Amino acid sequence: MVFEKTVLNKALASAFDIPIEVTYWDGKTEKYGEGDTQVRITFNKKFSFSDLSSMPTLVLAEAYMHEDIEIEGSIQELVASAYRKADSFLTDQSGFGKSMMKLLGNHSQKQSKEDIHSHYDIGNDFYNKWLDKTMTYSCAYFENDQMTLEEAQIAKVHHILDKLDSKAGGRLLDIGCGWGTLIFTAAQEYGLQAVGVTLSEEQYDYVVNKAKELGLEDQVKVYLIDYRDLKDKDFDYVTSVGMFEHVGKENLEMYFQKVYDYLKPNGRALIHGITGQHRGAGVDPFIEKYIFPGGYIPNIAENVEHIMTAKLQLDDLEPLRRHYQKTLEIWNENYLAVFDEVEKEMGRPFARMWTLYLQACAASFEAGNIDVVQYLLTKGASGQGLPMTREYMFKKH
Ligand SMILES: C[S@@+](CC[C@H](N)C(=O)[O-])C[C@H]1O[C@@H](n2cnc3c(N)ncnc32)[C@H](O)[C@@H]1O
């Protein structure tokens, strides 16, 4: 059934809390909301009602990728505006519920490897174009407004390692080490023996080469394995940054159990990742299909439940929502500066998809329906061996 213009017209009138203008496929333009138009949307074709109402973000994202929709103005502002409206039809993903069910049971080692390969092995060159020099692919930590992204990524790594109150000579495991900045910093500046695991071949090769280049082969080891298969244990410290989003709902309990198992008694962990707000959890269908297959965003309560089941003690919890919004805004700016290059190499739909992803995520943090949280955990009595107050976490570097 064709989505009648009048129905769409009515739905769009209440979908956003900013003034927008929409040009329909018949060439007619409507204005919604009072004041100066902030965003202009052009529909180049008609949409089926059933598609749009069951998975609006997926249908609209695909339409954007293939230029069936054009957006003039900030996509981030448009999406954040829809997220702020509780009754917007654009944020009703209830039709996705059924298809979610089939996703939940599939995080075997083999499937995880394929999922990670599809995202991270797009190529180091691609990420190198728009990440900062440290190739860190997680939320940065902006201690002040003047910090560059690179400085804020390094500040984040320091913040994590400082929170652990690590002592030189200790052993650290980084689960999901990415391109290795945390393990290199742990070795160089904190005197730790650092082990990283990643499922991405591109990241693994990069870390091996960089360890050689930096003369850190004795202090830094990296394994190309699933974190569940690591044989080494008795670590003083475990870190894991931007990783639990990949493990899947059914494996979250095991993930925190593994953190416990890899630690020595009285060892500490710092786990950093994205959480859903208002008990929301899950994954957006567009993100699931095109960006992070197999991804699942738990809410804070779910994580804390698993932390308790694993008998880890929660020492500290810090939400960093605004920091991730800012990180994503800078990534998108960097990305737009190389858009033409990406388009040439990967094609126009891919190039458009990636800016849509970065802006939609920034919007989601902006509107507060997702957050990013650091959990400081101890395998033993809470606070064991830590200073009595939080002041120690804020060192000057
Ligand atoms: C978002 S990236 C974060 C990388 C890095 N921690 C950072 O902050 O830049 C997620 C990382 O988790 C790794 N990963 C995901 N699932 C994994 C698994 N099952 N076993 C090992 N590593 C995994 C990926 O290979 C990638 O290195």
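Residues numbered from 1 in each chain as written. Predicted model: local features only at pLDDT ≥ 70, side-chain atom pairs only at ≥ 80, totals over all residues. Heavy atoms only, no water.

1. Details of the sheet that holds strand β7 (residues 220–224)
Right, so step 1: Strand order in the open sheet made by the seven strands is β7-β6-β5-β8-β9-β11-β10, with mixed pairing throughout. The sheet is open, and its two edges are formed by β7 and β10 (313–319), each paired on a single side. Averaged over neighbouring strand pairs, the angle between their axes works out to 15 degrees when direction is ignored.
Right, so step 2: Where strand β6 (residues 193–198) meets β7, five bridges bridge the pair, whose relative direction is parallel. (Pairing = 2+ DSSP bridges. Helix = DSSP H or I, 4+ residues; strand = E, 2+ residues; numbered from the N terminus. Axes fitted to C-alpha atoms, helices over the stretch in contact; angles between N-to-C directions.)

2. Details of unusual backbone geometry
Right, so step 1: Although it is not a glycine, Asn266 adopts a positive phi angle of roughly 70 degrees.
Right, so step 2: Position of Asn266 among the secondary structure elements: in strand β9 (residues 263–276).
Right, so step 3: Assessed through its relative accessible area of 39%, Asn266 is described here as partly exposed.
Right, so step 4: At Lys311, a residue that is not glycine, the phi angle is positive and equals roughly 65 degrees.
Right, so step 5: Of note, Lys311 is situated in the loop between α13 (300–309) and β10. (Buried < 20%, exposed > 50% of the residue type's maximum accessible area, 1.4 Å probe, protein only.)

3. Concerning the environment of Pro19
Right, so step 1: Here Pro19 shows up in the loop between α1 (5–13) and β1 (20–23).
Right, so step 2: What makes Pro19 buried here is its relative accessible area of 9%.
Right, so step 3: Separated by 13 residues in sequence, Pro19 and Tyr32 place their C-alpha atoms 5.6 Å apart.
Right, so step 4: Those residues within four positions of Pro19 in sequence are excluded, and the remaining contacts are Lys31, Tyr32, Gly33, Glu34, Gly35, Asp36, Thr37, Gln38 and Val39. (Contact = heavy atoms within 4.5 Å.)

4. Description of the sheet that holds strand β2 (residues 29–32)
Right, so step 1: With mixed pairing, the four strands of this open sheet are ordered in space as β2-β1-β3-β4. A strand with exactly one partner marks an edge of an open sheet, and here the two such strands are β2 and β4 (69–72). The sheet shows a mean angle of 15 degrees between the axes of neighbouring strands, taken without regard to direction.
Right, so step 2: Where β1 and β2 come together, four bridges link them in antiparallel fashion. Residue Ile20 lies in a different strand from β2, and its bridge partner there is Tyr32.

5. Let's talk about the pattern of salt bridges
Right, so step 1: In this structure the tally under the stated criterion is 20 salt bridges.
Right, so step 2: Between Glu62 and Lys289 there is a salt bridge, with the nearest N and O atoms lying 2.9 Å from each other. Residue Glu62 is found in helix α3 (residues 56–65), and its partner Lys289 is found in helix α12 (residues 285–291); the two are separated by 227 residues along the sequence.
Right, so step 3: For Glu62, a relative accessible area of 22% puts it in the partly exposed group.
Right, so step 4: Linked by salt bridges that have partners in common, Asp17, Glu77, Arg84 and Glu366 make up one network. (Salt bridge = Lys/Arg side-chain N within 4 Å of Asp/Glu carboxyl O.)

6. Here's the deal with helix α10 (residues 201–213)
Right, so step 1: Compared with the 18 Å implied by 1.5 Å per residue over 13 residues, the 18 Å span of α10 between its first and last C-alpha is a close match.
Right, so step 2: Residues of α10 that are buried include every one of Gln203, Val207 and Ala211, and no others. Down the axis, α10 shows its buried residues gathered within 65 degrees of arc, on one side only.
Right, so step 3: After α10 finishes, the residue Gly215 shows a positive phi value of roughly 65 degrees. (Expected span 1.5 Å × (residues − 1). Arc of directions from axis to C-beta.)

7. Topic: the nonpolar core
Right, so step 1: Formed by 52 residues in total, the largest nonpolar core has its most connected members in Trp130, Tyr137, Phe286, Trp354 and Tyr357.
Right, so step 2: Looking at which element gives the most residues to this core, the answer is helix α16 (residues 348–367), with eleven residues.
Right, so step 3: Mapped onto the domain boundaries, this core takes at least three residues apiece from domain 1 (2–92) and domain 2 (109–393).
Right, so step 4: Apart from the residues lying within four places of it in its own chain, the contact partners of Trp130 are Tyr137, Trp331, Asn334, Tyr335, Trp354 and Leu358. (Core = buried A, V, L, I, M, F, W, Y, C linked by side-chain atoms within 4.5 Å. Domains from an automatic or database assignment.)

8. Brief notes about the packing of aromatic side chains
Right, so step 1: In total, this model carries 28 aromatic pairs according to the counting rule given.
Right, so step 2: Measuring from centroid to centroid gives 6.4 Å for Phe126 and Tyr335, while their planes differ by 75 degrees, and the two rings are edge-to-face. With Phe126 in helix α7 (residues 124–130) and Tyr335 in helix α14 (residues 321–337), the pair connects residues that are 209 residues apart, well separated along the chain. With respect to class, Phe126 is no different from Tyr335; both count as buried.
Right, so step 3: Taking the centre distance of 5.5 Å and the plane angle of 25 degrees together, the rings of Phe350 and Trp354 count as stacked. Of the two residues, Phe350 and Trp354 are both situated in helix α16; the distance of four residues between them amounts to about one turn of the helix.
Right, so step 4: Residue class for Trp354 comes out buried when judged on its relative accessible area of 1%.
Right, so step 5: Looking at Arg171, its charged tip hangs above the ring of Phe235, at a distance of 4.3 Å from the centre.
Right, so step 6: Sitting over the face of the ring of Tyr64, Arg352 holds its NZ or CZ atom 4.0 Å from the ring centroid. (Phe/Tyr/Trp six-rings, centres within 6.5 Å; stacked < 30°, edge-to-face > 60°. Lys NZ or Arg CZ within 6 Å of the ring centre and 35° of its normal.)

9. Observations concerning the packing of α3 against α16
Right, so step 1: One way to put it is that α3 packs onto α16 with a least axis distance of 8 Å and a crossing angle of 130 degrees. Relative to α16, the element α3 lies oblique. Residues Ala61, Tyr64 and Met65 of α3 form the contact with α16, whose own contacting residues are Pro349, Arg352, Met353 and Leu356.
Right, so step 2: When grouped by side-chain class, the residues that make up the contact of α3 with α16 number six nonpolar, no polar and one charged. (Parallel < 35°, antiparallel > 145°, perpendicular 65-115°, else oblique. Nonpolar A, V, L, I, M, F, W, Y, C, P; charged D, E, K, R; others polar.)

10. Considerations on the UniProt feature "active site" (unreviewed entry) in the protein chain
Right, so step 1: Mapped onto the present numbering, the UniProt feature "active site" (unreviewed entry) falls on Cys361.
Right, so step 2: Among the structural elements, Cys361 can be located in helix α16.
Right, so step 3: When sequence neighbours within four positions are dropped, the list of residues in contact with Cys361 reads Ile287, Leu328 and Ile370. (UniProt positions renumbered as here; feature names shortened; annotations may be inferred.)

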